[in-house]
Amino acid sequence: MHYGSDRPAILPHDPFKAIVAPRPIGWIGTLNAEGIPNLAPYSFFMPLGNNPHMIGFTSEGMKHSPANAQAQGEFTFSLATEPLSHAMNVSSGAHPDGANEFALAGLTEGTPVEIRTPFVAESPAALECVTVSVEPLKDRHGRALNRFLVIGEVVRTHIRDEYIREGRFDTAAAAPLARLGYRDYATTDSLWELARPDD
Ligand SMILES: Cc1cc2nc3c(=O)[nH]c(=O)nc-3n(C[C@H](O)[C@H](O)[C@H](O)COP(=O)(O)O)c2cc1C
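Procedures and definitions
- Residues numbered from 1 in each chain as written.
- Predicted model: local features only at pLDDT ≥ 70, side-chain atom pairs only at ≥ 80, totals over all residues.
- Heavy atoms only, no water.
- Salt bridge = Lys/Arg side-chain N within 4 Å of Asp/Glu carboxyl O.
- Helix = DSSP H or I, 4+ residues; strand = E, 2+ residues; numbered from the N terminus.
- Buried < 20%, exposed > 50% of the residue type's maximum accessible area, 1.4 Å probe, protein only.
- Phe/Tyr/Trp six-rings, centres within 6.5 Å; stacked < 30°, edge-to-face > 60°.
- Lys NZ or Arg CZ within 6 Å of the ring centre and 35° of its normal.
- UniProt positions renumbered as here; feature names shortened; annotations may be inferred.
- 1 Å grid on protein atoms, 1.4 Å probe; cavity = no way out; pocket = protein on both sides within 12 Å on 5 of 7 lines; lining within 4 Å.
- Points joined across faces, edges and corners; volume = space filled by probe spheres on them.
- Nonpolar A, V, L, I, M, F, W, Y, C, P; charged D, E, K, R; others polar.
- Near = heavy atom within 4 Å.
- Polar contact = N/O pair within 3.5 Å; in protein donor to acceptor, adjacent residues only side chain to side chain.
- Pairing = 2+ DSSP bridges.

### Some words on the pattern of salt bridges
- As enumerated under the stated definition, the model contains seven salt bridges in all.
- The residue Glu74 makes a salt bridge to Arg116 at a minimum N-O spacing of 4.0 Å. One end of the pair, Glu74, is in strand S6 (residues 74–79); the other, Arg116, is in the loop between strand S7 (109–110) and strand S8 (119–120), and 42 residues separate them in sequence.
- Given a relative accessible area of 7%, Glu74 falls into the buried group.

### Describing the packing of aromatic side chains
- Applying the stated criterion across every chain, the model contains four aromatic pairs.
- Arranged with centres 4.8 Å apart and planes meeting at 50°, the rings of Tyr42 and Phe57 form a pair that is tilted. Placement of Tyr42 in strand S3 (residues 37–42) and of Phe57 in strand S5 (residues 54–60) is noted, with a sequence separation of 15 residues between them. Neither Tyr42 nor Phe57 differs from the other in exposure class; each is buried.
- Measuring from centroid to centroid gives 5.2 Å for Phe45 and Phe77, while their planes differ by 15°, and the two rings are stacked. Here Phe45, found in strand S4 (residues 45–49), pairs with Phe77, found in strand S6; they are 32 residues apart in sequence, far enough to count as distant. The exposure classification of Phe45 matches that of Phe77, with both residues buried.
- Here the aromatic cluster, defined as three or more aromatic residues joined through ring pairs, consists of Tyr42, Phe57 and Phe75.
- Taking the ring centre of Phe44 as reference, the NZ or CZ of Arg23 above it sits at 5.7 Å.
- The ring of Tyr185 carries the charged tip of Arg179 above its face, separated from the ring centre by 4.9 Å.

### Comments concerning the UniProt feature "domain: Flavin reductase like" (unreviewed entry) in the protein chain
- In the numbering used here, UniProt assigns the "domain: Flavin reductase like" (unreviewed entry) feature to residues 18–171.
- Counted over residues 18–171, helix gives 15% and strand 45%. Its end C-alpha atoms are 23 Å apart.

### Here we look at the layout of surface pockets
- Empty space within the largest pocket amounts to approximately 730 Å³.
- Those elements giving two or more residues to the lining of the largest pocket turn out to be S3, S5, helix H2 (64–72) and helix H3 (85–91).
- Looking at the lining of the largest pocket, the element that brings in the most residues is S3, giving five residues.
- Residues that form the lining of the largest pocket fall into these classes: 10 nonpolar, 12 polar and eight charged.
- In this structure, the second largest pocket encloses a volume near 510 Å³.
- When residues of the lining of the second largest pocket are traced back to their parent elements, those giving at least two are S4, S5, S6, strand S9 (125–138), strand S10 (144–159) and strand S13 (177–179).
- The dominant element in the lining of the second largest pocket, judged by the number of residues it contributes, is S10, at four residues.
- Tallied by class, the residues present in the lining of the second largest pocket amount to 18 nonpolar, six polar and no charged.

### Describing the site of the ligand
- Asn38, Tyr42, Phe44, Glu60 and Ser65 are the nearest of the 18 residues found near the ligand.
- Residue Phe44 places a main-chain N or O atom 2.8 Å away from an oxygen atom belonging to the ligand.
- Here an oxygen atom of the ligand sits 2.9 Å away from a polar atom, N or O, in the main chain of His64.
- Looking at the shell around the ligand, the elements with two or more residues in it are S3, S5 and H2.
- Per element, the largest residue contribution to the shell around the ligand is four residues, and it comes from S3.
- Of the residues contributing to the shell around the ligand, the split by class is seven nonpolar, eight polar and three charged.

### A look at the sheet that holds strand S1 (residues 23–24)
- Strand order in the open sheet formed by three strands is S1-S13-S14, and the pairing between neighbours is antiparallel. Each of the sheet's edge strands pairs with one partner strand only, and the pair in question is S1 and strand S14 (185–187).
- When S13 meets S14, the two strands line up antiparallel, connected through three bridges. Note that in S14 the partner of Leu177 across the bridge is Thr187.

Okay, here's the thing in structure tokens:
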């Protein structure tokens, strides 16, 4: 089977997100104009490189997270994990500006060092970011889409001590949540290693 914009009836739901999967979830903390924290998950999310560490997420429309990240010049990433999946889901609700999803989801606001925006203290790891750009995306014809790519540079990394084992971050113990298609999620709770040819 193959198709373009003419997705066949046998696929009633777009499988795009089930194919490009699993995706990490950027659990994004921001502050609104009054300094009230906002928290929401974004799975159109990616690490964008090292030195400096950069991350990015895409919002379908100018939602609170991109608007706040642009206006305040900063945001946080918290690692969404299986034990925190319910709280992550609560934070995805269409809450009004100023609702403080940290409180609504029963989460503790972790204290940032370099910026003002809190992160999820219960999360095994979190990143403080300074906003580098908020760009509207265009389609292949150059037409502006109502979609915004937020890029941030990581300025401080938080790791809860119990997740550091033999000098490494213990990803399997953290059990990060990944987003697939439809309403599906996956958990990373086992790892395997593959040495490179030139190791
Ligand atoms: C796991 C998950 C991933 C999501 N990923 C995105 C995404 O990548 N882009 C987006 O615009 N909305 C995404 N959403 C929906 C937003 O979280 C939702 O619209 C939220 O209310 C936005 O909050 P905000 O306006 O406070 O930023 C996702 C929801 C869930 C549950």
